[in-house]
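Observations on the model geometry
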Amino acid sequence: MKKNPLKYLLLIVAFAVLQSVPANNRSEAKQDDSLVSLVVIDPGHGGIDSGTSSGDVEEKDIVLDIALKLGNYIERTFPEIEVIYTRKTDVFIPVYRRAEIANKADADLFISIHANAVDYKYVHGTETFVLGQHSSEDNLQVAKKENSVILLEDDYTTTYEGFDPNSSESYIMFELVQDEYKEQSISLANAIQNEFRLRTKRKDRSVKEAGFLVLRQIAMPGVLVETGFLSNASERDFLNSNNGRDQIALAIFSAFEAYKTNVEQKSSFHLVTDDETPQPIEKVATGANVTPATTPGSAEKSAGEEDLFYSVQIMALKQKIETTPENFNGLDNVFRIDSPGISRYFVGKYSSLENAEINKELLLVRYESAFVVAFKNNELISLKKLQENKN
Ligand SMILES: [Zn+2]
């Protein structure tokens, strides 16, 4: 470790080490395991399996459209990322096949999309599941409901080794599951719920754990998103509207973007701290009143890094908002970059990654999915790519 008088930085480094991406044992054929380069999107149900329904609104149709919209956002924003869908049309896909598609492709991430329904019509909100042991009867019921689709498969007893989706005893096996990707899955799940709550104004029923067969069978981080209750009239209308489904897809996309950046940044951050002396911090704000460390355009240039600076992305929206302080909690150093269909908002320009990291920590108070980015020659580049270029 190098000498460093800045306790903030040490804290952040310690945090980054603790949170670092666990080594995984996936195919070595993949060029760089620390990149999120292949995503499998899994719209639940399909074909003879409608999922849950309310009137003529069927889960299989709602979740397919959300999945396609989500994939479209990812492909448009990150052309280098490959998106694979477990289905793109109204067809029946067995649960084991969904996991098989993701495993064979050696995917970096698995996102399963569903909608819910219960007997009580007032129940509403979104919840995102990771694989684990249910902590309540409600969570077990969701898993039973989603897993029961295997009853439509031929020979499900053999395929799932005697697993009975409707028997509570079957779920005891999930107590024993060792999921090496759990931390990453939870971080994506948290980001999704944050986006739903803050951006889409959905009721947050939180991140939960339960025994979903499809998550049990994948060999990568994965989540199962319940996008709302078709049994609740206003939520059904929301999900049945094109705008509602688009908002849900955009929220999941924004969470994905934050997740991707954080995963890739954690792996590159170590490299940077190993061979770079930290720059002095210009100014560190305290408390919730976030003050920028530097103002836009004032990024100091370090030798040999002519047009490189770091910034903090705080959000991505379809709308173009004026970057005035009154629109951003008093921040006077917000700038915006527009791409087709999406505008991203950044705070500050920092000459060192460390300063950007510290300001990100402060910005997280108000912008829960803030993350650090880099710009080279005024183009947004991933921190990972930047590190590769340096080496
Ligand atoms: Zn479902």
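A brief look at the structure comes next. Since the structure is predicted, the reported quantities are computational estimates derived from the model, not experimental observations.

Turning our eyes to something else, we now look at the coordination of the zinc ion. At this site the zinc ion is bound by His-45 (NE2), Glu-59 (OE), His-114 (ND1), Glu-146 (OE) and Glu-146 (OE), with donor distances of 2.0 to 2.5 Å. Spacing between the donor residues of the zinc ion along the chain follows H-x13-E-x54-H-x31-E. In this pair, His-45 is assigned in the loop between β1 (38-43) and β2 (53-54) and Glu-146 in helix α4 (residues 137-147), connecting sequence segments 101 residues apart. Look at His-45 and you get buried, because its relative accessible area is 5%. Among the residues examined, Glu-146 registers a relative accessible area of 6% and is labelled buried.

This part is about the sheet that holds strand β5 (residues 109-116). The strand order across the open sheet built from six strands is β4-β1-β5-β8-β6-β7, with neighbouring strands paired in mixed fashion. Each of the sheet's edge strands pairs with one partner strand only, and the pair in question is β4 (82-85) and β7 (204-210). For this sheet, the mean inter-axis angle between neighbouring strands, taken without regard to orientation, is 20 degrees. As defined by bridge partners, β5 adjoins strand β8 (residues 222-229) across six bridges and the pair is classed as parallel.

Turning next to the packing of aromatic side chains. If you walk through the whole model with that rule in mind, you get 13 aromatic pairs. Seen from their ring centres, Phe-309 and Phe-335 are 6.4 Å apart, and the 65 degrees between their planes marks the pair as edge-to-face. Here Phe-309, found in strand β9 (residues 308-317), pairs with Phe-335, found in strand β10 (residues 334-339); they are 26 residues apart in sequence, far enough to count as distant. Of the two residues examined, Phe-309 and Phe-335, each falls in the buried class. Taken together, a centroid distance of 5.5 Å and an interplanar angle of 35 degrees make the contact between Phe-328 and Tyr-345 tilted. Here Phe-328 is found in the loop between β9 and β10, whereas its partner Tyr-345 is found in strand β11 (residues 342-350), with 17 residues between them in sequence. The residues Phe-328 and Tyr-345 share a single accessibility class, namely buried. Following the ring pairs from residue to residue traces out a cluster consisting of Tyr-73, Phe-78, Phe-253 and Phe-256. Residue placement shows Lys-260 over the ring face of Phe-78; its charged tip is 5.0 Å from the ring centre. If you follow Lys-349 out to its NZ or CZ, it ends over the ring of Phe-335, 5.2 Å from the centre.

Rules behind the numbers
Residues numbered from 1 in each chain as written. Predicted model: local features only at pLDDT ≥ 70, side-chain atom pairs only at ≥ 80, totals over all residues. Heavy atoms only, no water. Donors = N, O, S within 2.8 Å, 3.2 Å for Na, K, Ca; no water. Helix = DSSP H or I, 4+ residues; strand = E, 2+ residues; numbered from the N terminus. Buried < 20%, exposed > 50% of the residue type's maximum accessible area, 1.4 Å probe, protein only. Pairing = 2+ DSSP bridges. Axes fitted to C-alpha atoms, helices over the stretch in contact; angles between N-to-C directions. Phe/Tyr/Trp six-rings, centres within 6.5 Å; stacked < 30°, edge-to-face > 60°. Lys NZ or Arg CZ within 6 Å of the ring centre and 35° of its normal.

Function-wise, these values are silent; they only describe arrangement.
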